[in-house]
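# Coordinate analysis (summary)
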Amino acid sequence: MHALEFRNVDFAYSEEGKRDFCIKKLNFTVEEGEFVAVLGHNGSGKSTLARLSNGILASDGGEIRVFDSVLTDKNLFDIRKQVGVVFQNPDNQTVASIVEDDVAFGAENIALPREEIGRRIDFALKAVGMEEFRRATVARLSGGQKQRVAIAGVLALKPRIMILDESTAMLDPKGRREIANVALRLNKEEKITVLFITHFMEEALLADRAVVMNRGEIVMEGTPREIFSRHEELLTYNLTLPRIGRICKSLSEGGMSVNDTLDIDTLADEIARDIKGDSAL
Amino acid sequence: MRIVCENLSYTYNEGSPFAAKALDGVTLTIEEGEFFGVIGHTGSGKSTFVQHLNGLLRLPTSLKKYKPKKRKKSENEAPMSVLRVGEFDLTSKNTDFRALRKRVGMVFQYPEYQLFAETVEKDVAFGLENFAEKGQKPTEEEVKRAVSDALATVGLDYNEVASKSPFDLSGGQKRRVAIAGVIVTKPEVLILDEPAAGLDPLGKQELMELLHKIHGDWCKTVVIVSHDMDEIAENCTRAAVFSEGKIAMCASPKELFSHAEELLSLGLDIPLTAKLVLALKERGIEIDCDYTVEDFVQKVLARKGGRA
Amino acid sequence: MKEVTFGQYYPVDSFIHRMDPRLKIVFLIGFIVAIFLADNFYGLAACAGVLILAVALSRVPVGKVLRAVRGILFLVIFTAAINILFHTGEHVYWQWSIFSVTREGILFSAYLILRLVLLVVCSSLLTYTTTPVSLTDGIESLLTPLKWIRFPVHALALIMSIALRFIPILMDETDRIKNAQKARGADFESGGPIKRIKAFIPILVPLLLSAFRRADELGDAMDARCYGGKTRTKYKKLHFTWRDLLGFLLLAALITGVVLLRIYVGEML
């Protein structure tokens with residue numbers, strides 16, 4: 001089943017008609033249970049995609065479907081319950097100073113009974129590995145922890161789709177790993193469909209499928225490996241290869257028989273085989 | 001300007017129940033001409049350290065003025081702190097901080113959020129006018145030349161952007177304007193806190209190229225604070241690793257990343273090349289490289305060629 | 001990272017810290033009523049006694065508590081001096097022109113000082129022992145009856161909660177912007193008033209823009225979490241315990257005592 005579907009969606013920021021980043025006739029589907037990475041340079045329209053998906057921005061044309069119901073003004077709340085969005089800045093997403101109060105916010109908004117809110121807080125904090133921090137002060141957490149709290153706040157609504165809109169952009173490497181791991185876990189264990197929007201090429205390697213956006217259009221689509229094997233094309237969209245891809249490319253240009261692998265251990269195996277094979281001759 | 005720092009300690013909110021020790025006896029020398037890296041995770045004291053270098057944070061000198069008895073005691077516990085940047089002694093009360101800051105530029109994290117003026121030109125010229133000697137206000141012509149130079153250095157065209165509002169520019173352009181506003185006085189030492197944070201891959205690459213360009217020109221010393229180990233490996237002459245307010249290691253990238261296990265045990269990342277070197281070591285292949293991508297590839301290919 | 005101390009909460013665990021914030025707020029109000037009802041020495045002594053007990057139970061160092069008084073020291077001395085000099089009475093010790101020092105004046109000032117000190121100590125004890133967050137919760141809960149007259153109690157509470165969350169962030173941000181402009185040679189300390197006000201523009205503009213940007217993002221994040229529906233529930237519940245009952249009884253006893261003293265002993269001047 002399609003979890004999320006964009007059909008001919010248009011969007012333009014109405015700012016005096018100049019320099020708007022728009023979405024143009026966008027067609028895009030995400031299957032239920034998929035983990036999709038959305039890549040693109042700053043200003044390519046990837047964040048607009050996230051804000052359109054849960055109706056924070058309204059499209060100027062076309063149709064957005066979430067599990068076969070069309071997004072309209074009337075079912076906004078139902079859609080938002082199903083499509084959770086986590087944003088970029090870990091400091092700008094919390095309404096309360098204490099972790100559990102903040103996680104409760106969404107569940108309170110949909111008027112759940114008190115006991116159920118308690119259960120949802122347990123579930124959400126456990127899912128992001130923050131159960132020990134239930135009574136902690138948000139301000140004293142690290143960036144990665146704050147962002148996990150933000151994810152928990154969305155999870156408390158039990159969404160079926162989770163969109164992380166550059167949620168790792170402002171974090172340090174440790175925080176980025178934490179968020180990537182949480183996203184993977186949610187996908188594998190909670191069976192939540194994940195849309196991971198990022199400009200860290202390395203993070204795309206986690207995904208089942210990656211799409212590249214440029215000027216509001218989807219210009220490349222495929223498994224991360226397929227995408228990164230088309231390096232020349234990536235460069236034209238102002239994107240670079242992940243470092244490991246660059247190393248593979250240079251090695252094979254230097255005459256070493258390595259595939260375009262994107263995994264450290266596989267690459268080490270291939271280098272070792274090549275060198276040892278040579279020396280055996 | 002040589003930066004000499006001995007036994008530097010700093011505590012936020014000293015004396016309150018929320019007191020937090022950020023620096024604990026830091027000793028470090030940065031030579032003129034270096035491209036120096038400062039590594040460590042959030043809260044390790046690295047940002048606190050760099051803010052001392054142009055006097056934005058100061059040693060608590062007031063303690064020394066009274067309570068002579070206590071002074072002796074505390075001197076036994078903590079030896080005298082030294083902090084010198086070139087000829088400036090930052091432990092002295094009489095330091096001319098304005099003169100210091102003119103020569104030691106500082107770019108904060110997300111500098112585009114500090115833009116304020118109506119036009120790009122005015123924003124970039126802000127530092128120029130502040131640092132001008134009394135009674136020697138720069139002429140319009142001088143301002144224009146300096147601003148245009150600074151914008152050209154960061155890759156922007158004066159005629160195109162100078163009269164625009166900085167808030168009408170794209171994110172990447174805003175950051176360039178903000179950096180231009182710091183380098184407009186051509187500081188000899190340039191300190192940057194996470195300069196590439198939030199930029200896309202191409203933006204990062206261009207920024208590092210920009211820093212190398214000015215480092216080879218009028219800027220003698222560059223100090224960057226960074227989380228990105230690949231960035232450190234590829235750009236720095238030396239780097240210091242901060243951990244819990246202390247310096248855990250300080251060496252060239254080549255030496256630093258040959259202690260990969262130690263870095264990992266501090267909860268820090270290592271460059272991809274170092275990960276590959278470790279993985280190859282497990283497979284019985286020793287690669288001795290300086291951890292830049294180019295050198296790694298060259299050394300690996302040399303092994304192949306050498307044995308063939 | 002810099003830790004922002006906000007409010008003057010003193011983080012220890014004590015009998016008073018554990019009390020329900022609603023009771024503490026009510027207690028403060030009741031206590032203020034009591035110190036103004038007390039019109040003789042015994043009544044004020046009883047109030048002081050209760051407050052000393054509360055301070056002792058709170059485990060907040062006495063020095064900290066008294067520091068709050070230091071803030072109003074000038075006000076206290078000034079009012080006392082005015083009262084001593086202008087208050088008229090029967091037992092005159094010294095007189096010159098319209099000024100006179102009388103026994104009544106001295107006593108009146110002494111009571112006034114005592115009242116001010118008790119008032120300040122009791123209010124600061126509330127903020128020392130209650131986090132801003134629970135204070136907000138307490139106020140929201142106490143205001144709940146106002147919902148009947150369509151007063152947006154929840155919105156008000158949410159505003160307070162968000163303010164508590166963002167004030168430290170914005171304070172931190174102000175510091176950062178100030179430092180960044182200082183690094184560009186900005187001078188906030190010298191010059192005349194107009195120059196100084198102008199010097200703050202490079203801080204104010206980025207700060208306001210940042211506040212708007214944050215508000216925008218927070219709005220999106222709240223929308224994403226289904227804010228704005230018609231009905232809403234509340235997870236947090238405050239619990240009234242035996243401590244609060246004791247506190248309440250003590251307050252009731254104090255007010256009764258003060259009233260009885262007022263009736264049977266009367267004004268002492």
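From a predicted model like this one, the values you see are computed outputs, not experimental measurements.

### Details of the domain arrangement of chain C
In terms of domains, chain C is made up of domain 1 (21-133 + 241-264) and domain 2 (142-224). Relative placement of domain 1 of chain C and domain 2 of chain C: their C-alpha centres are 35 Å apart.

### A closer look at the state of the cysteines
Applying the stated criterion to the full structure yields zero disulfides over all chains. Cysteine B:Cys236 remains unbridged, with the sulfur of B:Cys250 as its closest cysteine sulfur at 11 Å. Under the relative-accessibility criterion, B:Cys236 is labelled buried at 9%. Lacking any disulfide linkage, C:Cys47 is separated from the closest cysteine sulfur, that of C:Cys122, by 9.7 Å.

### Some remarks on the environment of C:Asn179
For C:Asn179, the location among the structural elements is in helix 7 (residues 153-183). Sequence separation between C:Asn179 and C:Ile203 is 24 residues; the distance between their C-alpha atoms is 9.5 Å. C:Asn179 has contacts with B:Gln51, B:Leu56 and B:Phe108, leaving out every residue within four places of it along the chain.

### Side note on empty space enclosed by the protein
Tallied over the full model, the rule gives six cavities of 30 Å³ or more. Estimated volume of the largest cavity: approximately 260 Å³. In this structure, the largest cavity is lined by 20 residues; those nearest its centre are A:Ala96, A:Asp101, C:Asp137, C:Ser161 and C:Lys234. For the lining of the largest cavity, the elements supplying multiple residues, two or more each, are helix 3 (99-109) of chain A together with helix 6 (132-143) and helix 7 of chain C.

### Some words on the interface of chain A and chain B
The interface is formed by 36 residues belonging to chain A together with 35 residues belonging to chain B. Carbon and sulfur atoms make up 64% of the surface buried where chain A meets chain B, a total of about 3,200 Å² over both sides. The interface formed by chain A and chain B includes six salt bridges. Where chain A meets chain B, there are 11 residue pairs in polar contact (both at pLDDT 80 or more). Every element with two or more residues in the side of chain A that touches chain B is listed here: helix 6 (173-188), helix 9 (243-253) and helix 10 (264-280) of chain A. Residue contributions to the side of chain A that touches chain B peak at 12 residues, all from helix 10 of chain A.

### Focus: the interface of chain A and chain C
Tallying the contact residues gives 42 residues for chain A and 30 residues for chain C. Taken together, the links from chain A to chain C amount to five salt bridges. Our enumeration of links across chain A and chain C arrives at 15 residue pairs in polar contact (both at pLDDT 80 or more). Contributing elements (two or more residues each) for the side of chain A that touches chain C: helix 2 (76-82), helix 3, helix 4 (114-127) and helix 5 (143-155) of chain A. Ranked by residues supplied to the side of chain A that touches chain C, first place goes to helix 3 of chain A with 10 residues.

### Focus on the sheet that holds strand 9 (residues 238-243) of chain B
All names here are of chain B. Ordered by their spatial adjacency, six strands build an open sheet running 6-7-8-3-9-10, and the pairing between neighbours is mixed. Sheet topology places strand 6 (104-107) and strand 10 (246-251) at the edges, where each strand pairs with a single neighbour. Pairs of neighbouring strands in the sheet enclose a mean axial angle of 15°, with direction left out of account. For strand 6 and strand 7 (residues 189-193), the ladder comprises four bridges, and the chain directions are parallel. Residue pairing in the sheet places Met 106 in a bridge with Ile 191 of strand 7. Against the sheet, helix 7 (residues 171-183) engages strand 6 and strand 7, with an angle of about 165° to strand 6.

### Describing the pattern of salt bridges
Tallied over the full model, the rule gives 51 salt bridges over all chains. Two residues, A:Arg7 and A:Glu63, come together in a salt bridge whose shortest N-O distance is 3.5 Å. One end of the pair, A:Arg7, is in strand 1 (residues 2-12); the other, A:Glu63, is in strand 4 (residues 61-66), and 56 residues separate them in sequence. Overall, the relative accessible area of 26% leaves A:Glu63 in the partly exposed class. Of the charged contacts in the structure, one is a salt bridge between C:Glu173 and C:Arg214, with a shortest N-O distance of 2.6 Å. Linking C:Glu173 in helix 7 with C:Arg214 in helix 9 (residues 201-224), this pair joins segments that are 41 residues apart in sequence. A relative accessible area of 8% places C:Arg214 in the buried class. What emerges from the salt-bridge pattern is a single network uniting A:Glu5, A:Arg7, A:Glu63 and A:Arg65.

### Considering helix 5 of chain A
Residue and element names in this part refer to chain A. The terminal C-alpha atoms of helix 5 lie 18 Å apart, and with 13 residues this matches the ideal 18 Å at 1.5 Å per residue to within 8%. With 12 of 13 residues buried, helix 5 is to be regarded as a mostly interior element. Within helix 5 the residues assigned to the buried category are Gly 144, Gln 145, Lys 146, Gln 147, Arg 148, Val 149, Ala 150, Ile 151, Ala 152, Gly 153, Val 154 and Leu 155.

So, how was this worked out
Counting restarts for each chain: residues are numbered from 1 in the order of the written sequence. Chain letters start at A and ligand numbers start at 1, both assigned in the order the entries are written. The model is predicted, so local features are restricted to residues of pLDDT at least 70 and side-chain atom pairs to those at 80 or more, both for listing and for counting; the totals for chains, interfaces and linings are taken over all residues. Values reported for side chains reflect all heavy atoms of the structure, with hydrogen atoms and water molecules removed beforehand. An automatic or database domain assignment supplies the start and end points of every domain. Note on terminology: disulfide denotes any pair of cysteine sulfur atoms within 2.5 Å. Only protein chains enter the accessibility calculation, which uses a 1.4 Å probe. A residue is then buried if its area is under 20% of the maximum for its type, exposed if over 50%, and partly exposed in between. We count a stretch as a helix when DSSP gives it H or I for four or more residues in a row; a strand needs E for two or more, and each element gets its number in order from the N terminus. Contact definition: two residues touch when any of their heavy atoms are within 4.5 Å. Buried and open spaces are told apart on a 1 Å grid over the protein atoms alone, a cavity being a set of points where a 1.4 Å probe fits but cannot get out and a pocket being an open set with protein on both sides within 12 Å along at least five of seven lines. Residues with an atom within 4 Å of a point are the lining residues. Grid points are joined across faces, edges and corners, and a volume is the space filled by probe spheres set on the points. The term buried area refers to how much accessible surface (probe radius 1.4 Å) is lost by two components on association, counted for both of them together. When a carboxyl oxygen of Asp or Glu is within 4 Å of a side-chain nitrogen of Lys or Arg, the pair counts as a salt bridge. Polar contact is the term for a pair of N or O atoms within 3.5 Å; when the atoms are in protein, one must be able to donate a hydrogen and the other to accept it, and sequence-neighboring residues count only if both atoms are side-chain atoms. Should DSSP find at least two bridges between two strands, the strands are taken to pair. Each axis is a line fitted through C-alpha atoms, taken for helices only over the stretch in contact, and angles between the N-to-C directions span 0 to 180 degrees. Between the first and last residue of a helix there are one fewer steps than residues, each counted as 1.5 Å, and that sum is the expected span.

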